[in-house]
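Architecture and fold: a report
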Protein chains: 2
Amino acid sequence: MPNMNDAKWTETLSFRLSTLGVLVADQYAEALAVHDLKPKHVGLLEVLGSGLAGSQLEIAKLMRVAPSLVVSLADHLESMGAIERLRDPADRRRQILSLTSEGRDLLAECTAKALVLDAKVAAELTSSQHAALSEALGRLAASYGLPVRK
Amino acid sequence: MPNMNDAKWTETLSFRLSTLGVLVADQYAEALAVHDLKPKHVGLLEVLGSGLAGSQLEIAKLMRVAPSLVVSLADHLESMGAIERLRDPADRRRQILSLTSEGRDLLAECTAKALVLDAKVAAELTSSQHAALSEALGRLAASYGLPVRK
DNA sequence: TATTGTTATACTCTATAACTATA
DNA sequence: TATAGTTATAGAGTATAACAATA
């Protein structure tokens, strides 16, 4: 009799967490397409909205992303009028990025889309399951030091 | 006073689920690197192990992946000696894939890696949180019809 | 020289389309 | 003519490395 490895991979927490995560990420990306944005654009808006970073290099570190990627994300958002680039007068190498009022509105709309997705997830669960999921994910997010989308 | 959009994106379920999912997926990919495998290789092994599909086209449909990708995944696994390709005698266009005993061992090792990851996730949670997360993810996986990694 | 932002280039993953062999 | 598998090609997304301006 051959060995029976019945600890099925597809039933592990890791598998489900990563598969569902990718699935939700894809759905979110799809929901953003109408705004001509990718999730990382929203990540950048969120960083600016939270005031955690100003210069592009700081943003790159916070988002755990290459500085060159911040350039193209910012280029796109700037061309949409969602953000502004301002040379730092104190150090003219630095570009200080900030949300325009259009950018603030856009961020609010994107957050609303995420809440719609949340509602769809919630619809599959009892309210106590939902609360437990939310709490567990919150705990994990904190322990992994999750500030920004990777 | 400017509008205050304090429904923060980074605190939505969608954000946390997708971010944590990607994070765990990356960690799993890293854990597999020592075997020279990607998560989708393991997905293919799992499909063969579960006996749900034989021909490459059936596998592609089950994995929701392009048939051409199955070719390269199978090429790699075959070159490692983890699977065998056999022409279907009844229809010589079809290749029937099957696990070798090395392939079965490899699958078991990869499942073990996932269980290690599970343990790391579990370590961040109380046992009741862990149970709640597991149940909620199981429910979601079922409702999204999740068979195989996407 | 060191640092910020930018541009040029390359790499990974995956899909689509063209092709071969069987049916 | 249609189908299973394969090969060739292309695109998205992102990183690394080379470069320009400023410190």
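Quick caveat, the model's predicted, so the values are computed rather than measured. (Residues numbered from 1 in each chain as written. Chains lettered and ligands numbered in written order. Predicted model: local features only at pLDDT ≥ 70, side-chain atom pairs only at ≥ 80, totals over all residues. Heavy atoms only, no water.)

Residue and element names in this part refer to chain A. Between the first and last C-alpha of helix H2 (residues 39–50) there are 16 Å, a value that for twelve residues agrees with the 16 Å anticipated at 1.5 Å per step. Along H2, the residues that are buried comprise Pro39, His41, Val42, Gly43, Leu44, Leu45, Glu46, Val47 and Leu48. Close packing links the buried residues of H2 with helix H1 (13–32), helix H3 (56–63), helix H4 (67–79), strand S1 (83–87), strand S2 (95–99) and helix H5 (101–122). Backbone geometry just after H2 places Gly51 at a positive phi near 65 degrees. (Helix = DSSP H or I, 4+ residues; strand = E, 2+ residues; numbered from the N terminus. Expected span 1.5 Å × (residues − 1). Buried < 20%, exposed > 50% of the residue type's maximum accessible area, 1.4 Å probe, protein only. Contact = heavy atoms within 4.5 Å.)

Near DNA strand C, the surroundings consist of 19 residues, among which Gln56(A), Leu57(A), Lys38(B), Lys40(B) and Ser68(B) are the closest. For DNA strand C, the fraction of atoms within 4 Å of the protein that belong to sugar or phosphate moieties is 81%. Side-chain polar atom of Arg85(A) to a phosphate oxygen of DNA strand C: 3.2 Å apart, as the coordinates give it. Between DNA strand C and Ala66(B), the relevant distance is 3.1 Å, taken from a phosphate oxygen to a main-chain nitrogen or oxygen of the residue. Going through the elements one at a time, H3 and H4 of chain A together with helix H4 (67–79) of chain B are the ones with two or more residues in the surface near DNA strand C. (Near = heavy atom within 4 Å. Polar contact = N/O pair within 3.5 Å; in protein donor to acceptor, adjacent residues only side chain to side chain.)

A separate point is the interface of chain B and chain A. Residue-level contacts link 57 residues of chain B with 57 residues of chain A. Summing the contributions of chain B and of chain A, the shared interface buries around 5,900 Å²; its carbon and sulfur component is 70%. Counting the surface chain B buries against chain A, the share from its top three residues, Trp9(B), Leu13(B) and Tyr144(B), is 14%. Between chain B and chain A we count zero salt bridges in total. Remark: the boundary between chain B and chain A carries 15 residue pairs in polar contact (both at pLDDT 80 or more). (Buried area = accessible area lost by both parts, 1.4 Å probe. Salt bridge = Lys/Arg side-chain N within 4 Å of Asp/Glu carboxyl O.)

This is a description of form; function is not addressed.
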